[in-house]
Amino acid sequence: MKTFCGRANPCTGSVDWVEESEEYDYHQEIARSCYADMLHDHDRNVKYYQGIRAAVARVKARGERVVVLDIGTGTGLLSMMAVTCGADFCYAVEVFNPMAEAAQIIVEKNGCSDKIKIINKHSTDVTVGADGDMQEKANVLITELFDTELIGEGALPSYEHAHQHLVQAGCEAVPHRATVYAQLVESELLWSWNQLQPMEVGGIQLLPPPAVSHCAGAHSVCDIQLSQVSPGSFTPLGPLCTMFSVDFSKPVSSALQSHSSQFEAQADGRGQVVVSWWDLDMDPSRSIVCSMAPSWTYQQPVTWRDHWMQSVYFLPAERRVTAGEQLSLTVCHDDYSLWFSLQPLPRPLTEAPPTRPCCTCQAHLVWTRPRFGELNDRRRTKSYVSALQSILSEDSVCLSVSDGSLLPVFACVLGARKVFSLENSRMSQQVITQVSVLIGEPYFSTSLLPWHSLFFWYCRTALAGLLKPGAAILPCSASLHLVAVEFQDLWRIRAPCGICEGFNVTPMDEMVQRSLDFRETREAEPHPLWEYPCRALSESAAVMTFDFTQCVPQQPISSQGLLPLLRMGRCHGVALWMEYQLTSDITVSGGLIGPISEQGSCEWSPHRKQGVYFLRSPWESSGDGRAAVTYSFTFEPSVGDIKMDFSISSE
């Protein structure tokens, strides 16, 4: 059955009513899931297998029948591990219906259906008893309910309920324990993602409003691949602190709690940021540990994973720290999130736990972390200021079309006679005079993929009646670029698993592939490539150009061509980004920000996400140019979308 659905079009700004299959959301969720990433995490899988084997052995040593409760079973992998290790029966709980159906097929395919019952419910709805979902309480509790922040997926309430209703007292748990670590650092890079910094424009220093600079900011975690942040970009001000541990084999509370760690400051600096991660002890003796620590804490290579990364927390206010000073770092958590604060010692005995930071300036509710970093990028600001200086005069009437942009402020400081700022083109009736300069970064909060910023072009077209003849447009044009790439690790999120730790999980691969093949789920997806290293196997190429000095055309724009593979490697797909020509000699890139090295190393903008199109199957490139990525693009102005297709051709 099909229904009409209203969908916001990020390019045109309109709401399009389209006939959509009732399975559309279903396929979108499966296609964008991270199940493959988890199954490709060999370190995680092995540690779980070892922990499960040890837990089952401890229960058997007590002469008990082994009954397992597996919450968040996914494919059923951990339950099948338990059965293989000798568990008598497993109750595998999975709330996501498509995954529960896949788990049932996988369990049957691996000959475990007589010992595993799939329960398609949230664990807090599971019942125990003769007529319940479980006939008896479990004595082994297995879970994988964690996110980068450890508790962000509701692990604590789920554990709390399980211990109260679903498992026996004194049960074994895998993992047995989680421990959260944190370190206080000073980092201009990381802090730029949280607070607007002073900047110089036309010889004048601009300061952020006090309401912004004094705001505690949003408390939400910033989860990133901290391994890709160079240790040289921050200064540790204290040691790595053990903040708290949770023993999952005992009753767990989801109530508000706080924990403090006292330490001596190791260096002078500004306490701004807390970097944090956690590890899992799969057994009580701490002999089986799965750690989320970033790679630069190890001498040996560590397992890459995207489903668990590291956390960055911003203190409510930066604080001057002196080497040798005695400090207390406090973490508070409720049932879903953490927040940190820093205090000098000694602390008052009656001091209450720190309250959750709350944004009072609205900026942290509007701007994302990367957007803060983009606005604080001095090199980028310099490019826009130089471009504005080349086109503005004392008679300029300037109109800015971008979300939350500082360009109107720059234009005013640089001497424009009058400046208007529109956050939405439908507000154009408020502009009652002819405009001589139209500016935009462009940046729009609704943009997901790089070319969604073509909304600026549609705004320019809607505003054409307000523009003076010969009005300056900044940027004057944009171009879509691509490069063929080999990913170091990101390919795992889309690669089929086949056999995982000896178990056949191909039904999950087939389910994901069906969803990827479902209409527009076979399209590019946004990823911040500065976090995901890749090698360029081709040169970069501009494949489409959009002339903002003209209105959006009526006819489609098409482009076809070949991108020869000039370096050896495995081509997983292509990376796509937009570049904006501010003037004839000033360009700002939302993708590559430096030349590709001879070996193919790439440096990506940390402020914008790039588009990634994964090939259905990777291609082994010999690097002789005889194989090439064949591309085809069509920009449909009437629908505001770019259709694209890629394949490999070889001689």
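Because the structure is predicted, anything quoted here is derived from the model rather than measured.

## Thoughts on the overall build of the protein chain
- Counting its regular elements, the protein chain contains 14 helices and 35 strands.
- Relative to its 651 residues, the protein chain shows a buried fraction of 56%.
- Long-range pairs, those at least 24 residues apart, make up 77% of the contacts in the protein chain between residues at least 6 apart in sequence.
- Carbon and sulfur atoms make up 51% of the accessible area of the protein chain, which totals about 27400 Å².
- Across the protein chain, 48 positive and 72 negative side-chain charges occur, with their mean positions spaced 1 Å apart.

## As for the nonpolar core
- Grouped together as the largest cluster of nonpolar side chains are 134 residues, with contacts concentrated most on L69 and F146.
- With residues up to four places along the chain from it excluded, the contact list for F146 reads Y48, E153, A155, Y159, P175, F248, W278, L280 and W308.
- Listed in part, the 79 residues of the second largest apolar core include A387, V397, V574 and Y580.

## Some points on the sheet that holds strand β7 (residues 167–174)
- Taken in spatial order, the five strands line up as β5-β4-β3-β6-β7 in an open sheet, and their pairing is parallel. Pairing within the sheet leaves two strands with one partner each, and these edge strands are β5 (116–119) and β7. Here the average twist between neighbouring strands, direction ignored, is 25°.
- Alignment of strand β6 (residues 138–143) against β7, held across four bridges, turns out to be parallel. Bridge assignment links I142 to a residue of β7, and that residue is V174.
- Relative to strand β4 (residues 89–93), helix α4 (residues 77–84) is tilted by about 175°, and along the sheet it contacts β3 (67–71), β4, β5 and β6.

## So, the sheet that holds strand β14 (residues 257–264)
- Ordered by their spatial adjacency, three strands build an open sheet running β14-β18-β19, and the pairing between neighbours is antiparallel. Every interior strand has two partners, whereas the edge strands, β14 and β19 (338–344), have only one. Going across the sheet, the axis of each strand differs from the next one's by a mean of 20°, ignoring polarity.
- Two strands pair when backbone bridges link them, and strand β18 (residues 326–333) and β19 are joined in this way by seven bridges, in the antiparallel orientation. In the strand pairing of β19, C332 is matched with W339.

## Things to note about empty space enclosed by the protein
- One pass over the full model with this rule turns up four cavities of 30 Å³ or more.
- Each pocket or cavity is described by its volume, and for the largest cavity that value is around 80 Å³.
- Contributing to the lining of the largest cavity are A216, A218, H219, S220, Y313, F314, L315, W339, F340, P357 and R369.
- Of all the elements in the fold, those that place two or more residues in the lining of the largest cavity are β17 (310–321) and β19.
- Here the lining of the largest cavity gets three residues from one element, more than from any other, and that element is β17.
- Its residues placed into classes, the lining of the largest cavity shows eight nonpolar, two polar and one charged.
- Here the second largest cavity defines a volume of roughly 70 Å³.
- Along the walls of the second largest cavity sit E374, L375, R380, T381, Y384, S405, L406, L407, F410 and E441, which together make up its complete lining.

## Considerations on the packing of aromatic side chains
- Across all of its chains, the model carries 25 aromatic pairs by this definition.
- Pairing F89 with Y91 gives two aromatic rings, centres 5.0 Å apart and planes at 65°, and the pair type is edge-to-face.
- Three or more aromatic residues joined by ring pairs make a cluster, and in this case those are F146, Y159, F248, W278 and W308.
- Note that R53 overlies the ring of Y49, its terminal NZ or CZ placed 4.8 Å from the centroid.
- Over the ring of Y443 we find R371, and its NZ or CZ is 3.8 Å from the ring centre.

## Let's talk about the packing of helix α3 (residues 42–61) against α4
- Following both chains from N to C, one finds α3 and α4 inclined at 40°, their axes separated by 9 Å at the closest point. When the axes of α3 and α4 are compared, the pair comes out oblique. Crossing of α3 over α4 shows right-handed handedness. Between α3, through R44, N45, Y48, Y49, I52 and V56, and α4, the contact on the second element is made entirely by L77, L78, M81, A82 and T84.
- Residue composition of the contact of α3 with α4, by class: eight nonpolar, two polar and one charged.

## Focus on unusual backbone geometry
- A cis amide bond links L345 with the next residue in sequence, P346, at an omega value of 0°.
- For P346, the location among the structural elements is in the loop between β19 and α9 (363–366).
- Positive phi is not limited to glycine here, since R286 has a value of about 65°.
- Here R286 is to be found in the loop between β15 (269–281) and β16 (289–291).

## A few points about the UniProt feature "domain: Protein arginine N-methyltransferase" (unreviewed entry) in the protein chain
- Those places that UniProt annotates as "domain: Protein arginine N-methyltransferase" (unreviewed entry) correspond, in this numbering, to residues 176–343 and 477–650.
- Span residues 176–343 is 5% helix and 46% strand, its end C-alpha atoms 32 Å apart.

## Points about the side chain of D133
- Residue position: D133 is located in the loop between β5 and β6.
- Within the structure, D133 has its side chain in polar contact with the side chain of K121 (distance 2.9 Å).
- In this view, D133 contacts Y91, K117, I119, K121, D125, V126 and T127; residues no more than four positions away in its chain are not counted.

## What to know about the side chain of H176
- Secondary-structure assignment places H176 in the loop between β7 and β8 (177–186).
- With relative accessibility at 7%, the residue H176 sits in the buried group.
- Contact partners of H176, with chain neighbours within four places excluded, come to V246, D247, F248, S249, D281, M282, D283 and P284.

## Observations concerning the pairing of strand β34 (residues 627–636)
- Here strand β30 (residues 557–564) pairs with β34 via eight bridges, running antiparallel. Across the sheet, the residue bridging to S558 is T634, located in β34.
- The sheet contact formed by β34 and strand β35 (residues 641–650) spans 10 bridges and is antiparallel. For A627, the partnering residue across the bridge sits in β35 and is S650.

## Some remarks on the pattern of salt bridges
- Counted by the stated rule, this structure contains 28 salt bridges.
- Among the salt bridges present, the one from R58 reaches E172, with a minimum N-O distance of 2.9 Å. Taken together, the residues R58 in helix α3 and E172 in strand β7 connect sequence positions 114 residues apart.
- Among the residues examined, R58 registers a relative accessible area of 22% and is labelled partly exposed.
- A salt bridge links E620 to R570; the nearest nitrogen and oxygen atoms lie 2.5 Å apart. Placement of E620 in strand β33 (residues 610–622) and of R570 in strand β31 (residues 568–581) is noted, with a sequence separation of 50 residues between them.
- Judged by relative accessible area, which is 49%, E620 ranks as partly exposed.
- Residues participating in the shared-partner salt-bridge network are R371, E374, R380, E441 and R608.

Rules behind the numbers
- Residues numbered from 1 in each chain as written.
- Predicted model: local features only at pLDDT ≥ 70, side-chain atom pairs only at ≥ 80, totals over all residues.
- Heavy atoms only, no water.
- Helix = DSSP H or I, 4+ residues; strand = E, 2+ residues; numbered from the N terminus.
- Buried < 20%, exposed > 50% of the residue type's maximum accessible area, 1.4 Å probe, protein only.
- Contact = heavy atoms within 4.5 Å.
- Areas by Shrake-Rupley, 256 points an atom, 1.4 Å probe, with all protein chains shown as cover.
- Lys, Arg positive; Asp, Glu negative; His and termini not counted.
- Charge placed at Lys NZ, Arg CZ, Asp CG, Glu CD.
- Core = buried A, V, L, I, M, F, W, Y, C linked by side-chain atoms within 4.5 Å.
- Pairing = 2+ DSSP bridges.
- Axes fitted to C-alpha atoms, helices over the stretch in contact; angles between N-to-C directions.
- 1 Å grid on protein atoms, 1.4 Å probe; cavity = no way out; pocket = protein on both sides within 12 Å on 5 of 7 lines; lining within 4 Å.
- Points joined across faces, edges and corners; volume = space filled by probe spheres on them.
- Nonpolar A, V, L, I, M, F, W, Y, C, P; charged D, E, K, R; others polar.
- Phe/Tyr/Trp six-rings, centres within 6.5 Å; stacked < 30°, edge-to-face > 60°.
- Lys NZ or Arg CZ within 6 Å of the ring centre and 35° of its normal.
- Parallel < 35°, antiparallel > 145°, perpendicular 65-115°, else oblique.
- Left-handed = near helix turned anticlockwise from the far one by under 90°.
- UniProt positions renumbered as here; feature names shortened; annotations may be inferred.
- Polar contact = N/O pair within 3.5 Å; in protein donor to acceptor, adjacent residues only side chain to side chain.
- Salt bridge = Lys/Arg side-chain N within 4 Å of Asp/Glu carboxyl O.

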